[in-house]
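Observations on the model geometry
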Amino acid sequence: MGHNLLKGKRGIIFGALNEKSIAWKVAEKAVEEGATITLSNTAMALRMGELNGLSEKLNAKIIPADATNVEELEEVFKQSMEVLGGKIDFVLHSIGMSPNVRKGRAYDDLDYRNLDKTLDISALSFHKMMQAAKKLDAVAEGGSILALTHIAAQRTFTGYNDMADAKALLESIARSFGYVYGRDKKVRVNTISQSPTLTTAGQGIGGMNAFFDFAEKMSPLGNANAEECAEYCVVMFSDLTRMVTMQNLFHDGGFSNMGLTQAIVEDYIEKK
Ligand code: NAI
């Protein structure tokens, strides 16, 4: 049951691929909380067909866009304003992809054209999205823009590869654009740093199952799942967080502030 936290608000959700996607859960929760939304993903993701079901269920138009393409992003904002009947109140960037990870290239054997793509898709697209929105004056005053990130931006995790660099850039863009957007339009920009989550993108990361298990034991509250992440996103889109901007917000059951938990000690002793 919703709490009407987003009643009357208009939003755009980028990056719902299938039921496991964090963006999928955010779309469902946002509508449950009273928002009207549009959905966007690449033409290739749309061909996979699963998004149609969500679109019908939520009565949300799908506007295809490659998030590295500025003209297509502009189209998403223009069409969303038309369909939803006014300026946009919240935007979710839930997009990530590394061709190097996909092709199993090690961090000390990167293909640099792949690295360009990783950074473009997973980080620069956030800048492109906000620059397109700001130039069109598409986001309402007090609007809230979020991107999803991971703690590998600050600390090194084996297997995270060039996505770590992409996430560091993504978080930096959130701060830099957050200043400019806040100053000029009172729009806030934040990143949510989420626990490992078993989605399509998550499962692409090397050693994900071990990391998932490790993080679960290293977090006093355990790992946060996609639905819980969606709940946090809704709060960040709502008017309850009007003065929060330029922050990287950890949503990880406490993982980021732990050194060693008893659960890990016991696990280690058992295996010795
Ligand atoms: P997902 O695979 O469901 O979502 C990734 C989305 O990115 C897909 O919908 C895909 O179509 C889209 N995408 C890829 N290339 C694109 C492009 N050129 N233009 C537009 N969209 C494109 O996986 P998930 O886990 O829901 O990922 C969402 C976000 O959450 C990503 O930024 C990811 O890095 C982040 N995240 C995920 C964690 C995890 O463990 N799954 C942990 C922390 C953050």
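Predicted model only: the values in this text are computed from it and were never measured. (Residues numbered from 1 in each chain as written. Predicted model: local features only at pLDDT ≥ 70, side-chain atom pairs only at ≥ 80, totals over all residues.)

Once that is clear, we can look at the overall build of the protein chain. Check the secondary structure of the protein chain and you find eleven helices and seven strands. Projected onto the principal axes, the alpha-carbon positions of the protein chain cover approximately 60 × 45 × 40 Å. Scored against the burial criterion, the 272 residues of the protein chain give a buried share of 45%. Here the contacts in the protein chain between residues at least 6 apart in sequence split such that 73% fall between residues at least 24 apart. (Helix = DSSP H or I, 4+ residues; strand = E, 2+ residues; numbered from the N terminus. Buried ≥ 20, exposed ≤ 12 C-beta atoms within 10 Å, placed from the backbone. Contact = placed C-beta atoms within 7 Å.)

Let's shift gears to the site of the ligand. Residues in close proximity to the ligand total 26 residues, the closest being Ser21, Gly96, Thr199, Ala201 and Gly202. Where the shell around the ligand is concerned, the elements lending two or more residues are α1 (22–32), β5 (139–149) and α8 (200–204). The leading source of residues in the shell around the ligand is α8, at three residues. Classifying every residue of the shell around the ligand by side-chain character gives eleven nonpolar, 14 polar and one charged. (Near = placed C-beta within 6 Å. Nonpolar A, V, L, I, M, F, W, Y, C, P; charged D, E, K, R; others polar.)

The next thing to look at is the sheet that holds strand β2 (residues 36–40). Read across the open sheet, the seven strands follow the order β3-β2-β1-β4-β5-β6-β7; overall the sheet is parallel. Both outer strands of the open sheet, β3 (61–62) and β7 (248–251), are each paired with one neighbouring strand and no more. As defined by bridge partners, β5 adjoins strand β6 (residues 188–194) across six bridges and the pair is classed as parallel. Residue Ser144 lies in a different strand from β6, and its bridge partner there is Arg188. The sheet contacts of α1 involve β1 (10–14), β2, β4 (88–93), β5 and β6, and relative to β1 the element is tilted by about 165°. Packing of helix α7 (residues 163–185) onto the sheet brings it into contact with β5, β6 and β7, and relative to β6 it is tilted by some 155°. (Pairing = 2+ DSSP bridges. Axes fitted to C-alpha atoms, helices over the stretch in contact; angles between N-to-C directions.)

The periodicity of an α-helix, 3.6 residues per turn, causes residues three or four positions apart to be oriented the same way. Taking 1.5 Å per residue, 23 residues should reach 33 Å; α7 reaches 31 Å between its end C-alpha atoms and fits that length. The set of residues buried in α7 consists of Met163, Ala164, Asp165, Ala166, Lys167, Leu170, Glu171, Ile173, Ala174, Phe177, Gly178 and Tyr181. Tucked inside the fold, the buried residues of α7 contact α5 (99–102), α6 (112–135), β5, β6 and β7. Looking at the residues trailing α7, positive phi occurs at Lys186, about 60°. (Expected span 1.5 Å × (residues − 1).)

Attention shifts here to the packing of α6 against α7. Interhelical geometry of α6 versus α7 gives an angle of 10° and a closest axis separation of 8 Å. By the criterion of interaxial angle, the relationship of α6 to α7 is roughly parallel. Facing α6, whose interface residues are Thr118, Leu119, Ser122, Ala123, Phe126, His127, Met130 and Lys134, α7 presents Met163, Ala166, Leu169, Leu170, Ile173, Phe177, Tyr181 and Lys185. Classifying every residue of the contact of α6 with α7 by side-chain character gives eleven nonpolar, three polar and two charged. (Parallel < 35°, antiparallel > 145°, perpendicular 65-115°, else oblique.)

Spatial relationships are all this shows, so hold off on functional conclusions.
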